[in-house]
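Spelled out from the first residue to the last, the chains are:
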Amino acid sequence: MKDDEYAIHKLPPGRLDDLVEAQREIFSDYMVPITVSREFMDSFMRSVGGKTENIVVATDDGGIVGFVNPVVDGKEAWIGGLGVAARARRRGIGKRLMAAAEDIARDGGAEVVLLEVIEGNLQAMSLYASLGYSKTASYVSAEGLPQQFAGYGPEPMKATVDEVRSIHSEAYSEACWQRRKASALVESGGNSEVYRVDRGFVALRRVGATGFIPFIGVAPGERRKGIGTSLAKFALNRLWELGAFKVALYNVNDDLVTSRMLDKFDFKVTLRQVEMRKAI
Ligand SMILES: CC(C)(COP(=O)(O)OP(=O)(O)OC[C@H]1O[C@@H](n2cnc3c(N)ncnc32)[C@H](O)[C@@H]1OP(=O)(O)O)[C@@H](O)C(=O)NCCC(=O)NCCS
């Protein structure tokens, strides 16, 4: 097929299931296993505050071969997914999809586009670099075990998402794009148990055999007082009580404080993500 036989256009209304179906092929050779389902897509869109009408697809006679999911939030836009089916790669579709996403971002009032890419995803990184994106931060995902502790220091109190909203906005102001959004807290927090100590909070949940800690944060003025360690101990202990076999953390800041915490609880880094951005 010639390159100009691929059309780039908005996902037509009501066709989200077609995109989900196409993503099975698009991500079939992805570096890490990725959940592809309508349920996941709906929850993802709620969590990042995305709009289905902003999704752009590349199609040929057989249907969708590529997509990009730009999310616009004020002056910032974020790429909530990009992919091209293996049979249609290296024909400029990725580049055209990104150009369409940047147009949507600009039209929506954004001045910068951010994205995350798994370290080692060279095809995606060279695509973004060729479009003028540069690396601005890195984040890690890590895995460890639930653990039992005799005490945690100050006893965390059960809280609601509303009660930790302002702590979240302070504690996560320097975090990756998704995590610092209130919509992410509402979506992940709503399905989690939430606890707080002073100006610190943690959200945790068990899904199948895996425990997740979607959020753990302490407001900047309250750091270095042991609150984070107390919350981490409490969360690992609570996940042990809930019967989790392992514990996963996604996209935490790749900095010294976080590495020390991960070491302290014997967590191993499983994945590094690089944040890239471009002024548009
Ligand atoms: C990343 C991806 C979307 C690129 O799509 P694509 O349609 O093949 O990209 P393009 O044809 O527009 O390539 C544009 C540029 O990207 C770079 N690039 C793309 N694939 C590359 C590869 N395999 N090796 C080196 N550079 C590559 C090149 O600079 C290329 O320009 P060139 O062909 O003129 O050299 C596609 O490889 C993909 O879907 N991968 C799996 C999903 C994924 O990783 N998504 C991104 C998650 S952050």
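Refer to the structure presented above.
How each quantity is defined
Residues numbered from 1 in each chain as written. Predicted model: local features only at pLDDT ≥ 70, side-chain atom pairs only at ≥ 80, totals over all residues. Heavy atoms only, no water. Core = buried A, V, L, I, M, F, W, Y, C linked by side-chain atoms within 4.5 Å. Buried < 20%, exposed > 50% of the residue type's maximum accessible area, 1.4 Å probe, protein only. Helix = DSSP H or I, 4+ residues; strand = E, 2+ residues; numbered from the N terminus. Contact = heavy atoms within 4.5 Å. Near = heavy atom within 4 Å. Polar contact = N/O pair within 3.5 Å; in protein donor to acceptor, adjacent residues only side chain to side chain. Areas by Shrake-Rupley, 256 points an atom, 1.4 Å probe, with all protein chains shown as cover. Nonpolar A, V, L, I, M, F, W, Y, C, P; charged D, E, K, R; others polar. Pairing = 2+ DSSP bridges.

Student: Mind laying out the nonpolar core, listing which residues take part and the relevant values?
Tutor: Core analysis: the biggest nonpolar cluster contains 51 residues, and Leu19, Met98 and Tyr128 have the highest contact counts within it. It is helix 3 (residues 93-107) that provides the largest number of residues to this core, a total of seven residues. Beyond its immediate sequence surroundings of up to four residues, Met98 is in contact with Val68, Ile79, Leu82, Leu115, Tyr128, Leu131 and Tyr133. Ranked by size, the runner-up nonpolar core spans 23 residues in total, among them Tyr152, Val247, Val252 and Phe265.

Student: Go over the site of the ligand, please, and point to the residues and values.
Tutor: Around the ligand, the surrounding shell holds 20 residues, and the nearest of these are Leu82, Val84, Gly92, Gly94 and Asn121. The backbone of Leu82 places a nitrogen or oxygen atom 2.8 Å from a nitrogen atom of the ligand. When the ligand is considered free in solution it has 910 Å² of accessible area, and contact with the protein chains removes 78% of it. Mapped onto the shell around the ligand, the elements with two or more residues apiece are strand 4 (76-84), helix 3, strand 5 (112-118) and helix 4 (122-130). If one sorts the elements of the shell around the ligand by residue count, helix 4 sits on top with five residues. Of the residues assigned to the shell around the ligand, the class counts are nine nonpolar, six polar and five charged.

Student: Account for the pairing of strand 10 (residues 210-218), with residues named and values stated.
Tutor: Within strand 10, eight of the nine residues are buried, which leaves the element mostly enclosed by the surrounding structure. By the bridge criterion, seven bridges tie strand 9 (residues 200-207) to strand 10 in an arrangement that is antiparallel. When the sheet's bridge partners are listed, Val202 is paired in strand 10 with Ile216. Two successive antiparallel strands, strand 9 and strand 10, enclose a turn made up of two residues, where Gly208 displays a positive phi of approximately 60 degrees. As paired elements, strand 10 and strand 11 (residues 246-253) share three bridges and run parallel to each other.

Student: How would you sum up the side chain of Asn69? Please name residues and give values.
Tutor: Position of Asn69 relative to the elements: it lies in strand 3 (residues 63-73). Once you skip the residues sitting within four places of it in the chain, Asn69 turns out to touch Met41, Phe44, Met45, Ile55, Trp78, Ile79, Gly80 and Gly81.

Read these as geometric descriptors, not functional statements.
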